[in-house]
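One letter stands for each residue in the lines below.
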Amino acid sequence: MPQTSPRPPRRAAILGGNRIPFARAQGAYAKASNQDLLTATLDGLVARFGLAGERMGEVAAGAVLKHSRDFNLTRECVLGSRLDPHTPAYDVQQACGTGLEAAILVSNKIALGQIECGVAGGTDTASDAPIAVSEGLRETLLELNRAKSLPDRLKALTGLRPGDVLPAIPQNVEPRTGLSMGEHMALTTTEWGITRQEQDELAAASHQHLAAAYERGFFDDLVTPYLGLTRDDNLRADSTVEKLATLKTVFGKGDGATMTAGNSTPLTDGASAVLLASDEWATAHGLTPLAWLVDAETAAVDYVHGAEGLLMAPAYAVPRLLARNGLTLQDFDLYEIHEAFAATVLTVLKAWDDPTYCRERLGLDAPLGSIDRGRINVTGSSLATGHPFAATGGRIVATLAKLLHEQKQQDPERTVRGLISICAAGGQGVTAILEA
Amino acid sequence: MTDLLTTIITSPVAKKAGVPQPTPLRRYEPGAPVCEGPVLVTGTGPYAAQLREWAGQLGLGLAVAPVEGAGTADPTAGATSLNAPNEKVGAIVVDLSDATDPGDLAVLRTVAPSVKRLRPNGRVVVVGTDPAGLSDPAHVATQRALEGFVRSLGKELRAGATANHVLVRGEAWDGLRSAVEFFLSGRSAYVDGQVVRVNDAGGANSDILRPLEGKVALVTGAARGIGAEIAAVLARDGATIVAVDVPAAGESLARVANEIRGTALHLDVTSPDAGARMLEHTRSRYGRLDIVVHNAGITRDKLFVNMDESRWDSVLQVNLRSILRMNEAILRDDGLGEGGRMVCLASIAGIAGNRGQTNYGASKAGVIGLVTSTAAQVRDRGITVNAVAPGFIETDMTARIPFATREIGRRMNSLQQGGLPRDVAEAIAWLVQPGAAAVTGQVVRVCGQSLLGA
């Protein structure tokens, strides 16, 4: 029998996206679960694209803060949505890279011809966070379960200590260092000498850009209101450098501390979803691709022993991605660099422009160089929208795809290109190239 | 929607105390008979025989009018004689389109014994000739007299029964059949004392259960209330729906669109490119646009002397200007095509006026003007444009009216009750049928023959 010949890869189109407005934790979505948020987001996507009853190739999504009951979160959301229940689904979890990684997974299956269409997404709620029993109580309960006789059961219970009854609340802390993400970032910020002024400027710009985008109706086909919220409620349209300068620092130590609640992202609730498909599926459904996801690269750094900053992995991923595609850092019309903290964006930009860092850490002959700041996060990013961990990737992919499509319409002859860079907990970084 | 006071006055105790209780109206069910039989078709006009044949085809059963001095031979085989005691009639259709002299109107009096035997939710439909096409004063007067008769009879009928009037112009059989079917059916449950003109355009529904099969319909203001109901009813009748509403209403819009497997299009009808974006969306997703329902509207009530600029402007912008602007795109040559249908939501306030609604009344009267003139402009292209003017409809908006005012509004009509959003939707669903090609430039009131207005 002849061997089946491999199909040539094709490009995966981004047809659009939908998200709910992001809400600061303990706010509008305080009582909504991850399943509520993601189901509402999927249904909003279904309505925009007329997908009710449609069987999709797959839905890949996830959450970072997850209850044990949500072991099959995405599939449960699909079953609760208007999609055809014959649509398979699976959960993805790569910290803040979850949403983008999900989009990469779906687009790769489309590129390989394994599926024709799919939805990638993510959701997170810091409000409806899982609370676990302490390790001591958990061990006691398991022991109790194994015990067969009454004396054994009583013996198991004697192992319980008063402190064990306190619940374990999830913390934004790296398990291997015990430092919070903000504290990690503060170390990197100091190392690179990023000033308070620079960070506040970037934060103010994020708010102003997001507000302007809402004003021009940019998000009309990207956001569906939820539970009475019509815009991201972290947005401060009147944010200025002067106002941000009055805030107290929250991360870092002493006079050298520069990071405030204004130039760091707040805990946020929200969800996002992106519709991806082959060109053929798009045509058959009367949908116009906004852009194509052409390549992606994920890197990880050893922030535990390797003296590298926790959020510096994208600095490594991007040069590898550029080299593989024969591009320079300047070959992009737009850049979406996730604003975990204002300093995260500023550090990575400085790193790419630093000859010593590029040579010694990234192994490059020459620095990647600088980027036109007017092309970065042009409709605002996480500092303004907020950052529901797993939902950020989907927000960025759909936003950038629409921005590229707008630019393409101005100049149909030219390939318009965008770069996404998202840092994630555990010293990871997910990056991707979109083209229109 | 029901509060304590409403519960009390509709309770059995209130009924015993003599508070008039409204009859539950018979509403359209796909697949059910058009109306209860038998149907008495009478009159001297040329359509009577055709109507009788058509009613027979629908399986409604025919009736023969009771005659003074019973025992007369039954002229129609299988017909029910109303001479028999306790025999009821479901509907009466009288064709007097040939009447030229006031003396010819005496035929109406022969129908009286049958009207007495009309079932609850029964129907009276009188067919006349459109006086606008006549010139002889006696002829015009005779035909015009029918309208006064119908409107008065509507006020006399009880128990959910209605009287309506169809005026024909030219060889209008297709249009007449469509209008008579509408008035006999539960689709017209809350339409009473109305006059509809039909012209000689031909058209028929190919699928009785799903007359809008294959059509793409766009409904503005579809996120809630009457708009959501219009979307649901058009979808039930077979249309694919593009549900439009402002981005802020997106959550409920998504629910409406998903329920009927349509698409949600988030846009503000007042934005300059609204019409172009609607066309672009329907054309790219479905390759066509057949039906447009301009339903989006707002109220910003205030007495005229206290009316500020923003109340005035926003109501006129949303309710009137936006339609004019969207139509520039929708009615372009590459927009609504042959067989296209457009319905605009007018209001009783645009006909009779309403205290505190000078802005709203102006905008809705404007809509009526827009409809009649646009209908004339696009008639050659096979496109119809009509208005539906709701009276008191039970919605979240009317539920907020104070009890006494609301109860008066609700009962001040021949059917002694408020209508449902579905009643408005059913009238629209009829106007956009392929079979309703002969109905254009009309204003159909869905008001239970409200005492307000004509």
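For every chain, the first residue of the written sequence is number 1, and numbering continues from 1 onward in sequence order. The naming scheme follows written order: chains are lettered A onward, ligands numbered 1 onward. Reporting of local features is limited, given that this is a predicted model, to residues whose pLDDT is at least 70; pairs of side-chain atoms are given and counted only at 80 or more, and all residues count toward the totals for whole chains, interfaces and linings. To get the side-chain values, all heavy atoms of the structure are used, and hydrogens and water are removed first.

Some words on the overall build of chain B
In step 1: Strands are runs of DSSP state E lasting at least two residues, helices are runs of H or I lasting at least four, and both sets are numbered from the N terminus onward. A tally of helices and strands in chain B yields 15 helices and 14 strands.
In step 2: Here chain B has a C-alpha radius of gyration of 22 Å; the compact-globule value for 454 residues is 22 Å, and the two agree.
In step 3: Residues classed as buried in chain B amount to 55% of the 454 residues present.
In step 4: Taking as baseline every contact in chain B between residues at least 6 positions apart, the subset at least 24 positions apart corresponds to 75%.
In step 5: Only the protein chains shown count as covering a residue, and every accessible area follows the Shrake-Rupley method with a 1.4 Å probe. Surface accessibility of chain B: about 18,600 Å² in total, with carbon and sulfur atoms responsible for 54%.
In step 6: Charge centroids of chain B, computed over 46 positive and 45 negative side chains, lie 6 Å from each other. When we talk radius of gyration, it's over C-alpha atoms, and the globule rule is simply 2.2 Å times the number of residues to the 0.38. Burial status follows relative accessibility: with a 1.4 Å probe on protein chains alone, a residue under 20% of its type maximum counts as buried, one over 50% as exposed, and anything between as partly exposed. In what follows, residue pairs with any heavy atoms lying within 4.5 Å of each other are defined as contacts. In this charge count, Lys and Arg are treated as positive and Asp and Glu as negative; neither His nor the chain ends contribute. Charge coordinates come from a single atom per side chain, which is NZ of Lys, CZ of Arg, CG of Asp or CD of Glu.

A look at the interface of chain B and chain A
In step 1: Between chain B and chain A, the contact holds 16 residues from the first and 21 residues from the second.
In step 2: Summed over both partners, buried area is the accessible surface (1.4 Å probe) that two parts give up on being assembled. Interface area, chain B with chain A, both sides summed: about 1,400 Å², of which 50% is carbon and sulfur.
In step 3: Looking only at chain B, the three residues that lose the most surface to chain A are E251, N258 and R285 of chain B, adding up to 40% of its buried area.
In step 4: What makes a salt bridge here is a side-chain nitrogen of Lys or Arg within 4 Å of a carboxyl oxygen of Asp or Glu, nothing more. Across the contact surface, chain B and chain A share 1 salt bridge.
In step 5: In the analysis that follows, any N or O atom pair within 3.5 Å is treated as a polar contact, provided that within protein one partner can donate a hydrogen and the other can accept it, and provided that, for residues neighboring in sequence, both atoms belong to side chains. The interface formed by chain B and chain A includes 6 residue pairs in polar contact (both at pLDDT 80 or more).
In step 6: Counting only elements with at least two residues in the side of chain B that touches chain A, the list comes to α9 (250-259), β10 (263-266) and α10 (274-286) of chain B.

Overview of the packing of helix α7 (residues 196-215) of chain A against helix α11 (residues 342-352) of chain A
Residues and elements named next belong to chain A.
In step 1: The angle between two axes is taken between their N-to-C directions and runs from 0 to 180 degrees, where each axis is a line fitted to C-alpha atoms and a helix contributes only its stretch in contact. Between α7 and α11, the least distance of the axes is 9 Å, while the angle of their chain directions is 110°. By the angle between their axes, α7 is roughly perpendicular relative to α11. In terms of crossing hand, the pair formed by α7 and α11 is right-handed. Residues E198, Q199 and L202 of α7 form the contact with α11, whose own contacting residues are A342, A343, V345 and L346.
In step 2: Split by residue class, the contact of α7 with α11 holds 5 nonpolar, 1 polar and 1 charged. Orientation is classified from the angle alone, with under 35 degrees giving roughly parallel, over 145 giving roughly antiparallel, 65 to 115 giving roughly perpendicular, and any other angle giving oblique. Left-handed describes a crossing whose near helix is turned anticlockwise from the far helix by less than a right angle; the clockwise case is right-handed. Each residue receives one of three labels: charged for Asp, Glu, Lys and Arg, nonpolar for Ala, Val, Leu, Ile, Met, Phe, Trp, Tyr, Cys and Pro, and polar for the others, Gly being one of them.

A look at the domain arrangement of chain B
Residues and elements named next belong to chain B.
In step 1: As annotated, the domain borders come from an automatic or database domain assignment. Structurally, chain B comprises domain 1 (34-67 + 77-198) and domain 2 (216-446).
In step 2: Relative to domain 2, the C-alpha centre of domain 1 lies at a distance of 30 Å.
In step 3: With 22 residues of domain 1 at the contact, the number on the domain 2 side is 25 residues.
In step 4: Of the roughly 1,800 Å² buried between domain 1 and domain 2 on both sides combined, carbon and sulfur atoms contribute 56%.

Examining the sheet that holds strand β1 (residues 39-42) of chain B
All names here are of chain B.
In step 1: Ordered by their spatial adjacency, 5 strands build an open sheet running β1-β4-β5-β6-β7, and the pairing between neighbours is parallel. A strand with exactly one partner marks an edge of an open sheet, and here the two such strands are β1 and β7 (195-198). Neighbour-to-neighbour, the strand axes of the sheet open up by a mean angle of 15°, direction not taken into account.
In step 2: Across 4 bridges, β1 lies against strand β4 (residues 89-95) in parallel orientation. Note that in β4 the partner of L40 across the bridge is I92.
In step 3: Packed onto the sheet, helix α7 (residues 173-184) meets β4, β5 (118-129), β6 (162-168) and β7 and runs at close to 170° relative to β6. Two strands make a pair as long as DSSP finds a minimum of two bridges between them.

A short note on the sheet that holds strand β13 (residues 384-390) of chain B
Residues and elements named next belong to chain B.
In step 1: Read across the sheet, 7 strands follow the order β10-β9-β8-β11-β12-β13-β14 without closing on themselves; strand pairing throughout is parallel. Each of the sheet's edge strands pairs with one partner strand only, and the pair in question is β10 and β14 (443-446). Adjacent strand axes in the sheet meet at a mean angle of 20°, parallel and antiparallel pairs treated alike.
In step 2: Sheet topology places strand β12 (residues 341-345) next to β13; 5 bridges connect them, and they run parallel. For M342, the partnering residue across the bridge sits in β13 and is V385.
In step 3: Contacting β8 (216-220), β9 (240-245), β11 (291-294) and β12, helix α8 (residues 225-236) runs over the sheet at an angle of about 170° to β8.

Details of the environment of V13 of chain B
In step 1: Summarising the element assignment, V13 of chain B is placed in helix α2 (residues 12-16).
In step 2: Separated by 69 residues in sequence, V13 of chain B and L82 of chain B have C-alpha atoms that sit 36 Å apart.

Here's the deal with the nonpolar core
In step 1: Ranked by internal contacts, the top residues of the largest apolar core, which has 77 residues, are L51, L184, L234 and I241 of chain B.
In step 2: When we break this core down by domain, the ones giving at least three residues each are domain 1 (34-67 + 77-198) and domain 2 (216-446) of chain B.
In step 3: Not counting residues up to four positions away in its chain, the partners in contact with L184 of chain B are R26, V34, C35, W54, L60, A91, V93, R123 and V125 of chain B.
In step 4: Ranked by size, the runner-up nonpolar core spans 50 residues in total, among them I194, L244, V301 and L364 of chain A. What makes a nonpolar core is a set of buried Ala, Val, Leu, Ile, Met, Phe, Trp, Tyr and Cys residues whose side-chain atoms join them at distances within 4.5 Å.

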